[in-house]
2 protein chains.
Amino acid sequence: MGKYVYRFSKELTEGNKDMRDLLGGKGANLHEMSRLGLRVPPGFTITTEACVYFFKNGQKWVEGLRAQVEDALKWLEDINHKGFGDPENPLLVSVRSGARISMPGMMDTVLNLGLNDQTVEGIAAATNNPRFAWDSYRRLIAMFADVVMGIHPAKTEKDPFEVALEEVKAKSGKQYDSELDVDELKDVVNRFKAIVRERGGQEFPQDPKVQMMKAIDAVFMSWMNERAQEYRREHHISDDWGTAVNVQTMVFGNMGEDSATGVMFSRSPATGENKMFGEFLLNAQGEDVVAGVRTPMDIEEMRRVMPAVYEELLDVRNKLERHYRDMQDVEFTIQKATLYILQTRNGKRTGFAAVKVALDMLEEGIIDEKEALLRVEPDQVTHLLRPVFDFKALKEAEKQGRMVGTGLPAGPGAAVGRIVMFADEVKPKAAQWLAQRMEELRKAHPNATHKDLRRMAEQDPRTKVILVRHDTKPEDVAGMMAAEGVLTAFGGRTSHAALVARQRGKTAVVGCKTANVDYEKRTVTFGDKVLREGDVISLNGFTGQVFEGEIRMKDSEIIAVLINKTMAPEESKLFQQFDRLMKTADKYRKLGLRTNADRGSEAKVAIAFGAEGIGLARTEHMFFQEDRILKMRQMIFAKTQEDRVQALSGLIPFQRSDFEDLFSAMEGRPVTIRTLDPPLHEFLPNNEAAIQELAKAMDISVDEVHARIKELSESNPMLGHRGCRLGITYPEITEMQARAIFEAACNVKKKGIDVHVEVMIPLVGHPNELKNQAQIVRDTAARVFKEKGMEVDFLVGTMIEIPRAAVMADQIAQHAQFFSFGTNDLTQMGLGMSRDDYGTFIGDYIQKGILGYDPFMTLEDGIAELVRLGKERGRKARPDLHLGVCGEHGGDPESIYKFHRIGLDYVSASPFRIPVARLAAGRAGLMGDK
Amino acid sequence: MGKYVYRFSKELTEGNKDMRDLLGGKGANLHEMSRLGLRVPPGFTITTEACVYFFKNGQKWVEGLRAQVEDALKWLEDINHKGFGDPENPLLVSVRSGARISMPGMMDTVLNLGLNDQTVEGIAAATNNPRFAWDSYRRLIAMFADVVMGIHPAKTEKDPFEVALEEVKAKSGKQYDSELDVDELKDVVNRFKAIVRERGGQEFPQDPKVQMMKAIDAVFMSWMNERAQEYRREHHISDDWGTAVNVQTMVFGNMGEDSATGVMFSRSPATGENKMFGEFLLNAQGEDVVAGVRTPMDIEEMRRVMPAVYEELLDVRNKLERHYRDMQDVEFTIQKATLYILQTRNGKRTGFAAVKVALDMLEEGIIDEKEALLRVEPDQVTHLLRPVFDFKALKEAEKQGRMVGTGLPAGPGAAVGRIVMFADEVKPKAAQWLAQRMEELRKAHPNATHKDLRRMAEQDPRTKVILVRHDTKPEDVAGMMAAEGVLTAFGGRTSHAALVARQRGKTAVVGCKTANVDYEKRTVTFGDKVLREGDVISLNGFTGQVFEGEIRMKDSEIIAVLINKTMAPEESKLFQQFDRLMKTADKYRKLGLRTNADRGSEAKVAIAFGAEGIGLARTEHMFFQEDRILKMRQMIFAKTQEDRVQALSGLIPFQRSDFEDLFSAMEGRPVTIRTLDPPLHEFLPNNEAAIQELAKAMDISVDEVHARIKELSESNPMLGHRGCRLGITYPEITEMQARAIFEAACNVKKKGIDVHVEVMIPLVGHPNELKNQAQIVRDTAARVFKEKGMEVDFLVGTMIEIPRAAVMADQIAQHAQFFSFGTNDLTQMGLGMSRDDYGTFIGDYIQKGILGYDPFMTLEDGIAELVRLGKERGRKARPDLHLGVCGEHGGDPESIYKFHRIGLDYVSASPFRIPVARLAAGRAGLMGDK
């Protein structure tokens, strides 16, 4: 029989902070803080193992657990000198969840357990405060009904407990809860018990042990509630871990004006500023702060109202931060002027805060540079790159009177979008507005591809959503994540909404008290200004300002310094810290860093961010421009090889000049150019107007255009006539591209700029395909070099994106000087999942736990195995084979760790993902060797 | 310096029959026959290595080759006591190709080398036959011009040599070539030399050594001519092997009426009859017989005209057949009553002949049973299963006067189709007629799928082609292969056309002299009966009869005995030999044999052919029938799970009764049932009429139907919402299917018939998919067993058809009791090649030598590696994992050898492919252990 219960108190503590897997994060830290000598109410922790057993065995308790819980309870009674259910001197406890990794707000808690019709009188006597006792009792009943008994109002119904409370207040003519007297509270208790009886089918349990055991069950169960599951999927947390349960002596922040409850961050989770940050509510209990129902006081106010406690809290802050070597998020309760610490954990923070906290702590000597790297999640650095409002535009908008309100700046950033008022409508509305915008754009740009239209539409703020609510609940998380920003009328900067917004880098303004949200009319009113659902607003997450309409954006400081040089490095502390972080990452980074870029301008951005070469230049993007697409279409409509060659030769000057730009921008760094990849039908017009235009331009009949389009259409274009298959049936295409590449290379080299070209053949499955195409490339190179009277360094290699190529990589390597894993297509083929179609089922897959993550975002393990096989077999045949990856996974941190572990030479990411990839690759270097 | 030249003569022979890789088949056998003491004109063989060098080194001769050839020529002059180019006593030689594996008619030959303006006189004097000498000379010039100098008539032009010959005949008033006198032949020679000069830009070379060296070059080059490459691709022969070249002393069949040239098969290559079979031409040279230009005499005629030679030939036949232990195809020349053997090789034969020869030789004690197995190519047994003409229908057609002519029965079988007269038009016409027929059928069957329409259309003889020609040439092979049968007006049963037809199992009637073929008018006339291109004719390949219109077919003897029991086994010798062959295969077979069958009737056929279970029953086929498709569509249109369940429950009775049929037919053999696989859109109507009908039947608007169809359409359906993905989003579908399966199993078992079900989940990539679906199947089984109060044996396993599943098979195996490799989809995804789309480029791939074979016909090596990985990793996790294959490769012999080598437990093939698979698996067992 194992040990499932661990105790903590000033005198005896069985756990410590390194036992998070067993005791959960909250539990381990309660034990640790007890050890540190902080004032923590004593209690005990039920292990995650007990929870895992519970779910694996039909929701039964593991043998011995009940006895251990009862023993621990007895111990708790002893050290508190109180009895659980003792009418004279009753012990009250809380039961709280606590997983290995913090999942704030996702699971359940029950407070005030131990109160019943007898003990409520005992508490009244012991505290000499019957009002407090009965108020606590009615809170217990309501919370127990909700969490344990699952009594919830219908969607359209008002909370029945709230209604009962209102009735009593109405009857007695009272306005606030706090005005109710003892008899009225007893009336409330009776009404609450009646609700439990009616809706729950049984009485509120009077036996404190039954209350406690059922509360433990309910906390176990809350591990599997829907929002917890969704949170875990989002954060790649395993369902198998289970939660620990903490049973802890109650302390009360609602025992009068010398009592309070609050949340304190050791530094600002929004900006990282090195000062205590937080909020508290006087005479309030437990969840009132995080629930955001009452707007609390700023922590600095405490200096005035409770100066001694403030000093003690400052001391706790310093102690905890140095002990945990990270910014802490602390929950505390003040009971009759005594400070109790109820929880500490590493604080969630914005990207701004993450970078500043890590680098500040490094500068302060609290952590070393490896730790600093590990303090910033790679994706967080993208927060620093996002545009902010243009200062002039802000001032102008203020002058125009477009500022409609101000709230608390809870998530820094700038957000513009259209108002939506229900979280579950964020995604549908966004999709609808996107589709509408694309339809409008299609009329204006009949030749644009679907992808282009989407790209254009996505840049329009009218396709974005700002979620506007009175307050938010944990179930709103998914909607918040899909929104551009969040505005709430209620709640503080440590409220749940604010916390989630910061964690996800959402711009958020909370507690904007002048905003009057009417869910029925779907309006939000600021004074006499009425905004409706669908209206555009702008949120300034740095200042808390809310504007009607759109405000113009400008570059972030990082972009201003690095890319546009509109700011000097020494002007921006943010840039300096960002830069130090990047350079620190480089020290530990083993993966090379390239970028996916098709234009000189993109390449320059990537270099500024630290790219060391181009991993993928897609030549086809060059053909979509207005002046080129016609030549391309002529090529496609050509009936003979001669006509094709003729049309293609018209494209050479364009390609050559594009390549010259690229080579010049890269200044001697390697440039990997992929030959034509998409099927020819992608270049054809897709609507009648454009077809007519094309027919006219080419002097052929509309029918002919239609016929050719039909001829080129495919059942499964993903698996059709594309990639090197085009170059094999139409060798003149490869030849034209090779000619453009080598002519450009010679021209640039002639100007004294070094050039290293890597010509990459796409969609190779069989070595003969590569052999065929490589021959054309080499022959063309030789011809061009002869014509130009000079030579340029070049390699010929291939993408590995077909499963066959990965498992037969030894064959392929005989003809390839490098491999670049095209993990987008490798995922499509390796999983048999079309990226255009998987939307119809991937939701079910994630929801049912079949896949833990989206395989097009993060490299799937089976695809990683194909990459590993490709590496192993390729290197076996050619030990010096250079290996990279150019799929979009090259910019995803989780995937980068996998590529590092497999032992590739470099990853390639889009220019704006380079900082993320750079940090991730640096962290990967810390995580273990190749 | 290597040895590149090997000599053969009665006195000195350097090679033998086991040196085919080096000396080619023809060469090795010339050496062997010399050793055996047969009268073979002496000569020497240039090795295939010399040819390989030639192609690898810019068509240069390997160092030393020229000297070795000159030495060997010197030796040849010595043993013949003649001089090459000696005007007094000239030696003449032939230069012939000879690859490792015989490629009849594909490469080039030059005869009579050594003749020039001087030696022609020497030959005239030596043979005392100036007419013969000058006739030989003009033949050399024409052949040299064609083969060596590449002088060919334009497509629309008559052969200029033919024209010159005709002019001389016209001028002298002669009708036949043989009537020309010496002076007239000299005139022909001069005209021929003029043609060479004009068209070749140089004189016909007078130097015999130049003639010979150039002829050797030309034979090397002919290895790479287009038809040879095509032939090699068809027969999976490597381009890298090269051809040997045989230089041999000329003997002449055209030296008078005591001379002849001919071809002899040791048994009938058409039927296998154990008697000498063949043809010869008196006073003729070389290629006249195989070219089919003159219709030759039957070999039995020789008994009359040259009795002594006939006896000697019979002796040679017996000697060679016993020596080579196989039916031989022998070329001979009789020069002035002396028999020379010019070639022997294993004879190409029909399936009928292959089976009969192998079993006869086994019964005669010439070969053992392992050899008998190796004498029959697996695909050849399909010839025995094809329908033959119904005897009554034949008699009726004769009575109706529909028999229009009779030729030589060169390829047994029955063929009906429409006349096409040019080989290169066979495929286009067939495609056109198929499309037309499908269009007609679509009108009659608006609900039928594209596949169904195709299947129906293919059964219509009006979509088939009979190639009708005056004679055929090697370049007609591709067209012949695409035709249903071949009819020629000219040529014998050993002509090229006949040989190819037999080898490929084509029905062929040759030498139908009454057929008058007019290529210009595109007609063929029999007496006054004019048939036009597109008219239907029927060929009886057993008798040589040609009929106008269609003749009804009936079962082959094998089918009559085994399947329809309309014939007793003892009535059919063919069946008995087939049966013995199958049972012999079983003795060596290690692979199990299952069938892909969806219906009880199909299952019965498969069992009769030897299937030991069902490897794949596709449940979706059951839904396409008229009475079921509506329920299926209701299910698809259902908006709620409840409605879906309702519609599905309507399908249970159909599925259950189908499964009952299957289980009953299989009588306890394992039955693998795959749950629903195709995407739902495949079940929806695809034309407006059917859409309207559906809308009416379901009482919804046409717009709603359209909307749902649009909603379900996919960009890449291959990689979309199908397979287990359907069962995961709609668990009720899997549940319905499992219920039908287990209810049927219980019902059948109740009748006393044993049932073994294997439920197979398709398109599994991730173990969680299988876990999810297997759970539904097991839960449903438990429920049904409880309801029925009984249990039935069952397994749950999966298809391995997604590359991820193959490389992560260890994970999958934890939830699978068996794997069945779905090599169709594994090929599509593993190669990234859609079966519906690869037609646009696979032709180029084969033609350019990128792929050696169609990967959907024969398992591609990379896909084989995925299967091997799947086996290795699956067995590692679960050593008792049962492994099969159910893709169409399961019926392909080459693929079966690969599956055997990988070590799978069984293959599954369609019912009519079972005999092929059975024989192939038996042969695989002989070829080496697992």
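Let me begin by describing the structure that accompanies this report.

## A look at the overall build of chain A
Check the secondary structure of chain A and you find 36 helices and 31 strands. The globule rule puts the C-alpha radius of gyration for 930 residues at 30 Å, and the 32 Å found for chain A is close to it. Viewed in the frame of its principal axes, chain A has a C-alpha envelope of about 105 × 65 × 55 Å. The burial tally for chain A puts 60% of its 930 residues in the buried class. Sequence separation of at least 24 residues holds for 70% of the intrachain contacts in chain A that already meet a minimum separation of 6.

## Let's talk about the environment of A431 of chain B
As for its placement among the helices and strands, A431 of chain B is situated in helix 17 (residues 426-444). A residue is classified by how much of its surface remains accessible, and A431 of chain B, at 44% relative accessible area, is partly exposed.

## Observations regarding the relation of the copies chain A and chain B
Rotating chain A by 180° and moving it 0.0 Å along the rotation axis overlays it on chain B with an RMSD of 0.2 Å. With respect to symmetry, the two chain copies, as superposed, fit the operation of a two-fold axis. Judged by C-alpha distance, N716 of chain A is the residue of chain A that lies nearest the rotation axis, at 2.2 Å.

## Some points on the nonpolar core
Counting residues in each nonpolar core, the largest one holds 289 residues, and the members touching the most others are F663 and F819 of chain A together with F663, F742, V757 and F819 of chain B. Beyond its immediate chain neighbours, meaning those up to four positions away, F742 of chain B contacts V759, V777, A781, V784, F785 and F794 of chain B.

## A short note on the sheet that holds strand 10 (residues 338-346) of chain A
Residues and elements named next belong to chain A. If you walk across this open sheet you meet the five strands as 8-7-6-9-10, and the pairing is antiparallel. Strands with a single pairing partner mark the edges of an open sheet, and in this sheet they are strand 8 (297-298) and strand 10. Where strand 6 (residues 260-265) lies against strand 9 (residues 328-335), six bridges are found, and the strand directions are antiparallel. Considered in strand 9, the bridge of A260 is made with I334.

## With respect to the interface of chain A and chain B
Contact residues are listed per partner, giving 47 residues for chain A and 47 residues for chain B. Of the roughly 4000 Å² buried at the junction of chain A and chain B (both faces included), carbon and sulfur atoms supply 56%. Considering only the surface of chain A that becomes buried against chain B, N716, L719 and I850 of chain A emerge as the three largest contributors, covering 15% of it. On inspection of chain A and its partner chain B, the count reaches four salt bridges. One salt bridge connects E860 of chain A with R804 of chain B, and the closest N-O pair in it is separated by 2.7 Å. Mapped onto the side of chain A that touches chain B, the elements with two or more residues apiece are helix 27 (724-729), helix 29 (767-788), helix 30 (803-807), helix 32 (823-831), helix 33 (839-847) and helix 34 (861-877) of chain A. Top element by residues in the side of chain A that touches chain B is helix 34 of chain A. It accounts for seven residues. Across the side of chain A that touches chain B, the residue classes tally to 19 nonpolar, 15 polar and 13 charged.

## Points about helix 37 (residues 914-927) of chain B
All names here are of chain B. The first and last C-alpha atoms of helix 37 sit 20 Å apart over 14 residues, in line with the 20 Å expected at 1.5 Å per residue. Summarising burial for helix 37: 12 of the 14 residues are buried, a large majority. Turning to helix 37, its buried residues are I914, P915, V916, A917, R918, L919, A920, A921, G922, R923, A924 and G925.

## So, the pattern of salt bridges
Applying the stated criterion to the full structure yields 141 salt bridges over all chains. Across the salt bridge formed by R462 of chain B and D460 of chain B, the nearest N and O atoms sit 3.1 Å from each other. We classify R462 of chain B as partly exposed; its relative accessible area is 43%. A network of salt bridges, in which partner residues are shared, links R325, D326, R349, E371 and R375 of chain A.

## Here we look at the packing of aromatic side chains
Scanning all chains against the criterion turns up 40 aromatic pairs over all chains. Between W61 of chain A and F220 of chain A, the aromatic rings sit 6.4 Å apart at their centres with planes inclined by 70°, giving edge-to-face as the arrangement. A residue pair is termed long-range when its members are at least 10 positions apart, and W61 of chain A in the loop between helix 2 (48-56) and helix 3 (65-80) and F220 of chain A in helix 8 (residues 208-222) qualify at 159 residues. Seen in terms of ring centroids, F623 of chain B and F683 of chain B are 6.3 Å apart; in terms of plane orientation they differ by 65°. Their pairing is edge-to-face. Taken as a pair, F623 of chain B in the loop between strand 25 (614-618) and helix 24 (626-637) and F683 of chain B in the loop between strand 26 (670-674) and helix 26 (688-698) lie far apart in primary sequence, 60 residues in all. The pair F623 of chain B / F683 of chain B is uniform in exposure class, with both members buried. Following the ring pairs from residue to residue traces out a cluster consisting of F54, F55, W61 and F220 of chain A. Seen from the ring of Y906 of chain B, R594 of chain B lies directly overhead, with NZ or CZ sitting 4.1 Å from the centre.

Definitions and limits used
- Residues numbered from 1 in each chain as written.
- Chains lettered and ligands numbered in written order.
- Predicted model: local features only at pLDDT ≥ 70, side-chain atom pairs only at ≥ 80, totals over all residues.
- Heavy atoms only, no water.
- Helix = DSSP H or I, 4+ residues; strand = E, 2+ residues; numbered from the N terminus.
- Rg over C-alpha atoms; globule rule 2.2 N^0.38 Å.
- Buried < 20%, exposed > 50% of the residue type's maximum accessible area, 1.4 Å probe, protein only.
- Contact = heavy atoms within 4.5 Å.
- Least-squares fit on C-alpha atoms with pLDDT ≥ 70 in both.
- Core = buried A, V, L, I, M, F, W, Y, C linked by side-chain atoms within 4.5 Å.
- Pairing = 2+ DSSP bridges.
- Buried area = accessible area lost by both parts, 1.4 Å probe.
- Salt bridge = Lys/Arg side-chain N within 4 Å of Asp/Glu carboxyl O.
- Nonpolar A, V, L, I, M, F, W, Y, C, P; charged D, E, K, R; others polar.
- Expected span 1.5 Å × (residues − 1).
- Phe/Tyr/Trp six-rings, centres within 6.5 Å; stacked < 30°, edge-to-face > 60°.
- Lys NZ or Arg CZ within 6 Å of the ring centre and 35° of its normal.

Remember, this is a structural readout, not a statement about activity or role.
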